[in-house]
Structure formats: structure tokens, C-alpha cells
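Take a look at the letters that make up each chain.
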Amino acid sequence: MITDDAAGAFFKAYGVEPAGLWAAPGRVNLIGEHTDYNEGFVLPFALPQRTIAAVGPAPAGEWTVCSTFEDEPVSFGLTEPGEVTGWAAYVAGVVWSLADAGHQVPGARIAIASEVPLGSGLSSSAALESSVLTALIDLGGLDVPLEKRPALAQRAENVYVGAPTGILDQSASIRCQEGRALFLDCRSYEVEQIPFDLAAQGLAILVINSNAPHQHVDGEYGARRKSCEDAARLLGVRALRDITGDQLDDALARLDDEVMRRRVRHIVTEDDRVLATVKLLHAGRVREIGPLLTASHVSMRDDFEITVRQVDLAVETALQVGAYGARMTGGGFGGCVLALIDSDKAAEVTAAVEEAYAGEGFTPPTAWTVTAGPGATRL
Ligand code: GLA
């Protein structure tokens, strides 16, 4: 058990039992990709796979973190962004972010174990940040309401680690609830918990990890973000969220740059697809979200240009063998695909994707079905 791994790592490193265990999940984004930093809409749910932080007290101003995947513990005091590097930067970043917001962060010893696959677009870094953030808040008795927590974890990533990501991943890890998808307005941070019990309808979400090497992720992500922000400026709006579907043609006619037009089209149509998906889920018409998922993929492939061949192939193959819809989930350039399927079809779809990958000489994919798990919590 992953909880035993974390507790065991804690005891091995520090020679005492932890004060407690905290868990935070990775996420799958059902739909709404790259809309978060455009102040639009997203619809993630929490994975059953979690990161566990075993945490115990330490003297004020002292933090040590170890994990099951690194040999050496890392110790630090209060640091400035960038001082701690590598994976421990996500932990030091959370300490910094809380302290920078004026909180008395308790000193702590931390041991991490994780079952969220690393670097596959399922938000392993947000799960790490969120588990540590939740633990430090609980341990120190800090007064930080749930809706304020994702932005604190996001600052750790944006400012301390230096990755210009949006609020999607940390919101999902912290605010998701079991059996629900989280409909989040990335401008107001208002959420609605949408019932998302696929098994009751004989359906499942199959996650297919393309296992494609992530390439150029940081640079390409930053470039997409800049293109969107430049477009918003040219169009005279605060963010692309402010362009509605009805206004899209007019907006596109006002932009000279063909690449920028494509980026804008993705964001504006994607926001509409999120809203349409939420409506269908409310109406219990779950199968009908399939075409929206697939349209989202096509938009990411052709307009936002963030997919790779392995990812496109997984989507095409899943659709050929009867998925209701399929799309890449996460930031792109590799990572995972999700497919909405009849629950008895998981093995068939997986085998078909494996065969298609073998046919093109790709590293085999990994696939598993997922249900919506709980958000970050003390165990
Ligand atoms: C990454 C980022 C998120 C979001 C997605 C794309 O996961 O961390 O903020 O932008 O990509 O939807």
C-alpha cells in the first residue's frame, strides 16, 4: 500500500512515526484544455491514484523532505524562489508560498510516496504540492479556506519552480470530490460539483498513457499562453474567456496572424464545449458528451497544435473500436488520452491501441479505467 510506503519512508528517514498522513490525487481533465489561464472553464475529476505525504513536526524554520523515489533527504530553511531545485522545489515552493502569504508555516519532516505516474500529464506535481500544502495547513492550524488553497499551490509552481501553468491541476487535486466532476470557473474560482457516476450507466473512462516522451513541453506551453494573452490584448478583452462563441467570427476577422487565429478558435470553442458537456451531464445524457470530447481533441490537434502522433493514434483507434468519444487530457506534447467507453470494452480498446502502437513501432501504451476519487485530505 502506498500509505505504508510513505509511513515506512518516514520512519526509515527520521526514526519516529509521522504525526499523520495526507493524500492528494492526480487528475484527469474531462474537457477544457488550456482554458484555465484564459480565465475560462474546466471540468476535471480526481484520479484514484494519489500522492501521500507522511508528515511530522520539526523545529520552527526547518523543513526536511525525503521520498521513496530519491535516496537523499533535502533540508532547507525559509528560502527564496529558485533556491531549492529538483523535485524538492515543489515542497520548498509550498512552504515559501504559504509564508509569503503571511502564514506561520510549521517546521516539518516530510516523506513522500506517490502512485500518480510522473510526467504523463496527470498532474503529479500538483498532487505533490497539494498533499504538502494540506498537511502544513492542518499541522500548523492555519486558517486557509479550501477555495484559497489552489492559488497558493499554483504560486509555488509559477513563482518558485518557474512553470507558467494555470489553476486547473491544483484546483482539481484540492477541490474535487468523490463521484463528481469539478466544474470550475477559472476567473471567479466558483465551482459546481457535477455528479459523475459512469458505472451506473454502464460506462467507463479509460485512461491511455501514450508513454510518448514529453518534448518541448515548457517552451511550447509558454508560447501557447503568450499567443492567447497577445490575442486578448489585440482584441481589447481581459482574457479570451470574454469572447463568446457568437463573437468568434468577428474576433477572428480582426486578427491578422493565422496561427493566432487558430489558437483563439481553440480556446473559444473549448469553453463552449465545457459548458455543453456540463449541460449534458446535468441531463444525465452522458453518452452524448462523446462527440464533444472528440471535437476537443480535433481542436487541440489542428488549432492548438499540442498533440503528438502517439496521442492522435490512441484517439483514432479508440474511436474505431467503439469509444463514444476520446481526447488527449492535460497540457499536451505526449501524456494521456481518455476514452468514454462501455465498461465491458476496456480490454478490447486497450488491445486495439496496443496493436496500433506496435504497428508504428511505438513504446507500448499503458491503460486503465478510472473513477472519480476524493480531493486532498488527511487520512
Ligand atoms: C497543464 C497545466 C494546467 C493547464 C493544462 C492544460 O496541466 O498545468 O494549468 O493549463 O496543462 O489544460
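The structure presented is a predicted model; accordingly, all values stated were derived computationally and were not measured.

Asker: Account for the overall build of the chain, with residues named and values stated.
Answerer: Helix and strand counts for the chain come out as 11 helices and 13 strands. A compact globule built from 379 residues would reach a C-alpha radius of gyration of about 21 Å, and the chain, at 21 Å, matches this within 12%. Its C-alpha atoms give the chain principal-axis dimensions of about 60 × 50 × 40 Å. Here the chain holds 379 residues, and 57% of them are scored as buried. Counting only contacts in the chain whose residues sit at least 6 apart along the sequence, the fraction spanning at least 24 positions is 71%. With an accessible surface of roughly 15000 Å², the chain has 49% of that area assigned to carbon and sulfur atoms.

Asker: Mind laying out the nonpolar core, listing which residues take part and the relevant values?
Answerer: Membership of the largest hydrophobic core comes to 39 residues, with the highest contact counts inside it found for Leu240, Val264 and Ile341. Those elements that place two or more of their residues in this core are strand S9 (203–209), helix H6 (217–235), helix H7 (248–253), helix H8 (258–282), helix H10 (309–320), strand S10 (325–329), strand S11 (336–342) and helix H11 (346–359). Not counting residues within four places of it along the chain, the set of residues in contact with Ile341 comprises Gly202, Leu203, Ala204, Leu206, Ala323, Tyr324, Ala346 and Val349.

Asker: Lay out the sheet that holds strand S8 (residues 191–195) in plain terms, naming residues and giving numbers.
Answerer: Backbone-to-backbone hydrogen bonds join strands into a sheet, with any given pair of strands oriented parallel or antiparallel. Pairing in this open sheet of 3 strands is antiparallel, and the strands run S2-S7-S8 from one edge to the other. Where the open sheet ends on each side, the last strands, each with one partner, are strand S2 (41–42) and S8. Taken together, the 2 bridges between S2 and strand S7 (residues 180–185) define a ladder with antiparallel strand orientation. Residue Phe41 lies in a different strand from S7, and its bridge partner there is Asp185. In the packing of helix H5 (residues 168–175) onto the sheet, the strands contacted are S2, S7 and S8, and the crossing angle to S7 comes to about 135°.

Asker: How would you summarise the site of the ligand if you had to cite specific residues and measurements?
Answerer: The environment of the ligand is formed by Arg27, Glu33, His34, Asp36, Tyr37, Thr165, Gly166, Leu168, Asp169, Tyr221 and Gly331. For the ligand, an oxygen atom lies 2.8 Å from a polar atom in the backbone of Gly166.

Asker: Explain the packing of H10 against H11 to me, using residue names and the numbers behind them.
Answerer: Contact geometry of H10 with H11 gives a least axis separation of 9 Å together with a crossing angle of 135°. If you check the angle between H10 and H11, you find them oblique. At the point where H10 passes H11, the crossing takes the right-handed sense. In this structure, H10 contributes Gln310, Val311, Leu313, Ala314, Thr317 and Ala318 to the contact, and H11 contributes Val349, Ala352, Val353, Ala356 and Tyr357. Taken together, the residues that form the contact of H10 with H11 break down as 9 nonpolar, 2 polar and no charged.

Asker: Kindly report on the side chain of Ser97, identifying the contributing residues and their values.
Answerer: Of note, Ser97 is situated in helix H2 (residues 88–100). At 2.7 Å, the side chain of Ser97 forms a polar contact with the backbone oxygen of Leu152. The residues contacting Ser97, other than those within four sequence positions of it, are Leu152, Arg155 and Ala156.

Asker: Any chance you could break down the pairing of S11 for me, citing the residues and the numbers?
Answerer: Across the 7 residues that make up S11, a large majority, 6, are buried. The pairing of S9 with S11 spans 7 bridges and is antiparallel. Bridged to Ala204 within S11 is Ile341. With 5 bridges connecting them, S10 and S11 associate as antiparallel partners. Opposite Thr329, over in S11, you have Cys336 as the bridge partner.

Asker: Please set out helix H4 (residues 149–161) residue by residue, giving values where relevant.
Answerer: Here H4 is 13 residues long and its end C-alpha atoms lie 17 Å apart, about the 18 Å a rise of 1.5 Å per residue gives. Among the residues making up H4, those that are buried are Arg149, Pro150, Leu152, Ala153, Gln154, Ala156, Glu157 and Tyr160. Contact partners of the buried residues in H4: H2, helix H3 (124–140) and H5. Backbone geometry just after H4 places Gly162 at a positive phi near 90°.

Asker: Describe the environment of Met260, naming the residues involved and giving the relevant values.
Answerer: For Met260, the location among the structural elements is in helix H8. Distance from Met260 to Asp303, taken between C-alpha atoms, is 9.2 Å for residues 43 residues apart in sequence. With sequence-adjacent residues up to four places away left out, Met260 is seen in contact with Ser227, Asp230, Ala231, Leu234 and Leu255.

Asker: A description of unusual backbone geometry should follow, citing residues and the corresponding values.
Answerer: With a phi angle near 60°, Glu39 is a residue other than glycine that sits in the positive phi range. Examined against the element boundaries, Glu39 turns out to sit in the loop between strand S1 (20–29) and S2. Taking the relative accessible area as the measure of exposure, Glu39 reaches 18% and is therefore buried. Even without being glycine, Phe333 reaches a positive phi, approximately 60°. On the secondary structure map, Phe333 appears in the loop between S10 and S11.

About the thresholds
- Residues numbered from 1 in each chain as written.
- Predicted model: local features only at pLDDT ≥ 70, side-chain atom pairs only at ≥ 80, totals over all residues.
- Heavy atoms only, no water.
- Helix = DSSP H or I, 4+ residues; strand = E, 2+ residues; numbered from the N terminus.
- Rg over C-alpha atoms; globule rule 2.2 N^0.38 Å.
- Buried < 20%, exposed > 50% of the residue type's maximum accessible area, 1.4 Å probe, protein only.
- Contact = heavy atoms within 4.5 Å.
- Areas by Shrake-Rupley, 256 points an atom, 1.4 Å probe, with all protein chains shown as cover.
- Core = buried A, V, L, I, M, F, W, Y, C linked by side-chain atoms within 4.5 Å.
- Pairing = 2+ DSSP bridges.
- Axes fitted to C-alpha atoms, helices over the stretch in contact; angles between N-to-C directions.
- Near = heavy atom within 4 Å.
- Polar contact = N/O pair within 3.5 Å; in protein donor to acceptor, adjacent residues only side chain to side chain.
- Parallel < 35°, antiparallel > 145°, perpendicular 65-115°, else oblique.
- Left-handed = near helix turned anticlockwise from the far one by under 90°.
- Nonpolar A, V, L, I, M, F, W, Y, C, P; charged D, E, K, R; others polar.
- Expected span 1.5 Å × (residues − 1).

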